[in-house]
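The lines below spell out each chain.
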Amino acid sequence: MTAVNPRPDWLVGWLDRLQRRAWPLLLLASLFTAACLWYVAQGLGIDTGTTDMIAEEVPFRQNDSRFDALFPQFSDTIVAVVEAPTPEDASNAADALAAALSAEPGFFRDIYQPGSEPIFAESGLLYLELDDLYALSDRLVSAQPLLGQLADRPDLGGFSQVLGQAIGQPQLLAEGEAAAALAGLLGRAAAVAEAQTVGQPLALSWQALIAGETDLLTSNRRFLIIQPELSDGVLKPAAAAIDRLRAEIETLGLTSANGIAVRLTGTVALNHEELKAVELGGSTAGLLSLLLVALLLGIGLRSGRLVFAMVVTLLLGLIWTAAFATLTVGSLNLISVAFAVLFIGLGVDFGIHACLRYREEARTRSAAPLSSAFCATGPGILLSAICAAAGFFAFLPTDYKGLAELGLIAGGGMIIALIATFTVLPALLTVLPLRQTATRPEGGREGGGGERGGRLPHGAVLAVAVLITLGAVAKAPSGEFDFDPINLKDPVFESVRTFFELAESVETTPYLIQVVTNEPARVAELAGELAALPEVGSVRHLSNFVPTGQDEKLFALDDLAFVLQPLLLAEPSRAASDPAALANDYRRLRETAAAATRLPAPVGPAAARLNSALERLSQQQETPAAELDDRLMRHFPAALQRLQTSLSVTEPITRQALPPELVRRWQAPNGSERLELRPVAPLQDNAGLQSFASAVLAVAPQATGAPVIISGAAEAILTAFITASGLAFLAVLVILAVVLRRPVEIALVALTLLLAALWTAGAAALLGVSFNFANIIALPLLFGLGVASAIHFVLRLREEGNGAAVLRSSTCSGVLFSAFTTMAAFGSLAISGHRGMASMGELLTLAITATLIATLVVLPAMIDLLDRRRSARR
């Protein structure tokens, strides 16, 4: 290739004027930067929502917006998961927390506790299946004498007396069910005593004993659905409400010391904790990337003046870009928050080429080394910046708003970096010039051009490249696209751990689908169609809260109430007992338990366990009776009162009798009704999410909910990825065609980019780096970024006329050095605590590595092969 040495007249004139006015320009840049910094501090925020990163026109977003308008109580919520040793403790804790939060209207708009409506306490037995109701009736009739005695004396003495009488009835122990029930009571009492020996706060659950597994509320877990007041115009809109919520939890003593755990999850809690991760990870990655880049600049440039000029230029450009982001988008999303690291990693590339060439010119005694350096590298820097911006701007026409905003910010940042490189950097180098040295013969050039020695082993290089490419093509299809955003959140956070735990069961899974119909008469028909889908486990709607078979159930409850009438009239109350009486009752309990150890299984082993626990308790505590009395009988009066209330029901439940707060969560003010769908099995992977969503959407296109939103977002992201990749590659080809105008050079650069893209996809699949909604930017961006190195190489090739000479020039050093600084910056993202940012850093590092190898190894080999063929034809 013919050697050329272009010196654009416009650039020569600009540099001449800039060098004469370097100090005024630097003063103006400083004032402008200060104004930008103030503007950013006042206006730039962060939005952690993932749904908002897709354009509102996409169908699933419109469905979600309609649902939020009809049922606003389901949006922006905190889910407080209350867990305790017993159902009673869980209910009491949830009730206390709900009451405390309701007294704080400035922090919380709505607090809802599922299942807490009075109708479920009054008529809860009507919701049992008929067989379960009959089984409960048989158990209560058998236990009626024992419960009656405890109702008369609900203390440790009554407990020990009941156990003694039960153990002394051989006919009772002969019945398998009765023996099992007694063994269960002894086992639960033993667990309470064992807990007392180790200081654990456990009490006996009479609710679970009386109702058995048929009670709807025998779970030790309760939920509060909380809508907080979100503060406007602050970085953390939920911070005040969450801080207040945690303060109330501490004030009420709902802590592990009292055996209570209250964990927070839900969209608001997830976003709040993710915001902390993004804030910390973004600032840490930004600072680390700047330090690493500065360190590498010191190693590569070996000049304090050049490093200082580069770092100052980089910082000013970063602040200008942040101001541009504040002006254009106002707030950063979970993807665009990485713009700072992208700017540092990419913006430094422009100055590296100029500074290395400046050092080269200074060593050759050039008459005007600074002007010569910028004139020589300027066209390549300009073209690289345009291509990089085009790679970012390629996301603008897509529906993926998250990446579109990053594309706008980072694309604008590339233009800003270009401006800073051609203004601030030469101005700084003018006031801090390098001293010219004669380390090379005058007229020579570092890496000198013209000689044609040192041929490259192009055959071996290209053969290896072909093999790697074939392997990448074979491996790339096995790569995964993980489109569930929850997998990008840090699992160390409470909200994320709780979310994953709830997702393990279909009863508590957050992966629900909501279907709204404005035809109330068709609800039952639609529910039947949806329930028939194999992917759907259950369908709930408002009519499900009207029990079936109520006439027969009411008849059974009436009979049971008649049999248990003495028990229903009891009014148990616990009074303070005399210490001496308690000690005597405790002694009797020990004697009863010891005597029962001789009974056959299952009563004997259970009694032996209780006896052993009581012996340890006596050895550890001088007066354990009072505390054991409280632990064993604390919840009995409330459990009996609950039973009395539930057996007093005489009227069937009608739809009109359902409480308004319950109806409002299933029926909108305009009459539209909500159907809630649960999957047939826990959704543990992306395939299950997509299958569940697709099946439901085929029947109800208006469906929404997490699986539909996640699947819809995945489709939008993939479409955006394909569109952006095509646009980025097309834009690069157009720019190359306009500037290079040589088909061979254009083809070589394009082929280099395609090789780098294939290698990146193959390496990601090989290393198990999944594509996701955050890092999917890497491949389209590669076309815009990867072309920069190839452009510098090709333009220097035009100047030198020889590929081997280019490899010995400052251009090759610049390509290699800029790649290292970019990888260092992106690598800082990889250690971020936020998994989305980390995955972006991992994939971008792979992409830059592939681009570096393709540019410095394969591209020279292809050029050398062409040179040899030209020489042979001559």
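Residues numbered from 1 in each chain as written. Predicted model: local features only at pLDDT ≥ 70, side-chain atom pairs only at ≥ 80, totals over all residues. Heavy atoms only, no water.

### Some words on the overall build of the chain
- Helix and strand counts for the chain come out as 33 helices and 10 strands.
- By the burial criterion, 55% of the 874 residues in the chain qualify as buried.
- Contacts in the chain between residues at least 24 apart in sequence constitute 83% of all its contacts with a sequence separation of at least 6.
- Put simply, the chain shows about 35900 Å² of open surface, and 59% of that area lies on carbon and sulfur atoms. (Helix = DSSP H or I, 4+ residues; strand = E, 2+ residues; numbered from the N terminus. Buried < 20%, exposed > 50% of the residue type's maximum accessible area, 1.4 Å probe, protein only. Contact = heavy atoms within 4.5 Å. Areas by Shrake-Rupley, 256 points an atom, 1.4 Å probe, with all protein chains shown as cover.)

### Some remarks on the packing of helix 2 (residues 22-43) against helix 16 (residues 401-431)
- It is at 9 Å that the axes of helix 2 and helix 16 come closest, and there the two elements cross at 130°. The pairing of helix 2 with helix 16 is recorded here as oblique in orientation. Considering only the axes of helix 2 and helix 16, their crossing is left-handed. Here A22, W23, L25, L26 and A29 of helix 2 come into contact with helix 16, specifically with T423, V424, A427, L428, T430 and V431.
- For the contact of helix 2 with helix 16, the per-class residue count stands at 9 nonpolar, 2 polar and no charged. (Axes fitted to C-alpha atoms, helices over the stretch in contact; angles between N-to-C directions. Parallel < 35°, antiparallel > 145°, perpendicular 65-115°, else oblique. Left-handed = near helix turned anticlockwise from the far one by under 90°. Nonpolar A, V, L, I, M, F, W, Y, C, P; charged D, E, K, R; others polar.)

### Side note on the pairing of strand 7 (residues 513-517)
- Counting buried positions over the 5 residues of strand 7 gives 5, a clear majority of the element.
- Burial of strand 7 is two-sided: the residues I513, V515 and T517 facing one way and the residues Q514 and V516 facing the other way are all buried.
- Bridge count between strand 7 and strand 9 (residues 673-679): 5 bridges; the pairing is antiparallel. Considered in strand 9, the bridge of I513 is made with L677.
- Examined bridge by bridge, strand 7 and strand 10 (residues 704-705) share 2 bridges and lie antiparallel to one another. In the sheet register, Q514 faces strand 10, and the bridge partner there is T704. (Pairing = 2+ DSSP bridges.)

### Considerations on the sheet that holds strand 9
- One open sheet accounts for 4 strands, arranged 8-9-7-10; its pairing is antiparallel. Where the open sheet ends on each side, the last strands, each with one partner, are strand 8 (536-540) and strand 10.
- Of the strand pairs in this sheet, strand 8 and strand 9 are connected by 4 bridges, and their pairing is antiparallel. Its bridge partner lying in strand 9, V539 is registered against L677.

### Comments concerning the sheet that holds strand 5 (residues 261-265)
- Read across the open sheet, the 4 strands follow the order 3-4-2-5; overall the sheet is antiparallel. If you trace the sheet from one side to the other, it starts and ends with strand 3 (108-112) and strand 5, each paired once. Pairs of neighbouring strands in the sheet enclose a mean axial angle of 25°, with direction left out of account.
- Contacts from helix 4 (residues 87-102) reach strand 2 (78-83), strand 3, strand 4 (221-228) and strand 5 within the one sheet, and its direction differs from that of strand 4 by about 15°.
- Helix-sheet contacts for helix 18 (residues 494-503) involve strand 2, strand 4 and strand 5, and the interaxial angle to strand 5 is about 95°.

### Some details on the nonpolar core
- Counting 179 residues, the largest nonpolar core has L297, V515, L530, L677 and V696 as its most contacted members.
- Considering each element in turn, this core owes the most residues, 16 residues, to helix 33 (residues 835-873).
- Here L297 is in contact with R302, V307, M310, V311, V348, I352 and F817, once residues within four sequence places are set aside.
- In terms of nonpolar packing, the next biggest core, distinct from the first, is built from 71 residues, L542, F545, A556 and L643 among them. (Core = buried A, V, L, I, M, F, W, Y, C linked by side-chain atoms within 4.5 Å.)

### Thoughts on the pattern of salt bridges
- Overall, the coordinates contain 21 salt bridges when judged by the stated rule.
- A salt bridge links E248 to R244; its shortest N-O distance comes to 3.9 Å. Within this pair, E248 and its partner R244 are both found in helix 11 (residues 239-251), separated by 4 residues, close to a single helical turn.
- With a shortest N-O distance of 3.0 Å, R631 and E627 are connected by a salt bridge. Of this pair, R631 and E627 both sit in helix 24 (residues 625-633), 4 residues apart, which is roughly one turn of the helix. (Salt bridge = Lys/Arg side-chain N within 4 Å of Asp/Glu carboxyl O.)

### Section: the confidence of the model for the chain
- The share of residues in the chain with pLDDT of 70 or more is 90%, and the mean pLDDT across the chain is 84.
- With pLDDT under 50 throughout, residues 1-5 is counted as low confidence; its partners more than four residues away or in other chains account for 14 contacts. (pLDDT = per-residue confidence, 0-100.)

### Topic: the packing of aromatic side chains
- In total, this model carries 14 aromatic pairs according to the counting rule given.
- Within the aromatic cluster, the residues linked to one another by ring pairs are F120, Y127, F545 and W666.
- Stacked on the ring of F74, the Lys or Arg R665 has its end atom at 4.8 Å from the ring centre.
- Of note, R674 hangs over the ring of W666, and the distance from its end group to the ring centre comes to 3.8 Å. (Phe/Tyr/Trp six-rings, centres within 6.5 Å; stacked < 30°, edge-to-face > 60°. Lys NZ or Arg CZ within 6 Å of the ring centre and 35° of its normal.)

### As for the environment of A607
- Mapped onto the elements, A607 comes out in helix 23 (residues 603-620).
- Each C-alpha atom of the pair A607 and G184 lies 9.9 Å from the other, and the pair is 423 residues apart in sequence.
- Once residues lying within four places of it in the same chain are set aside, the contact partners of A607 are L186, A593, A596 and T597.

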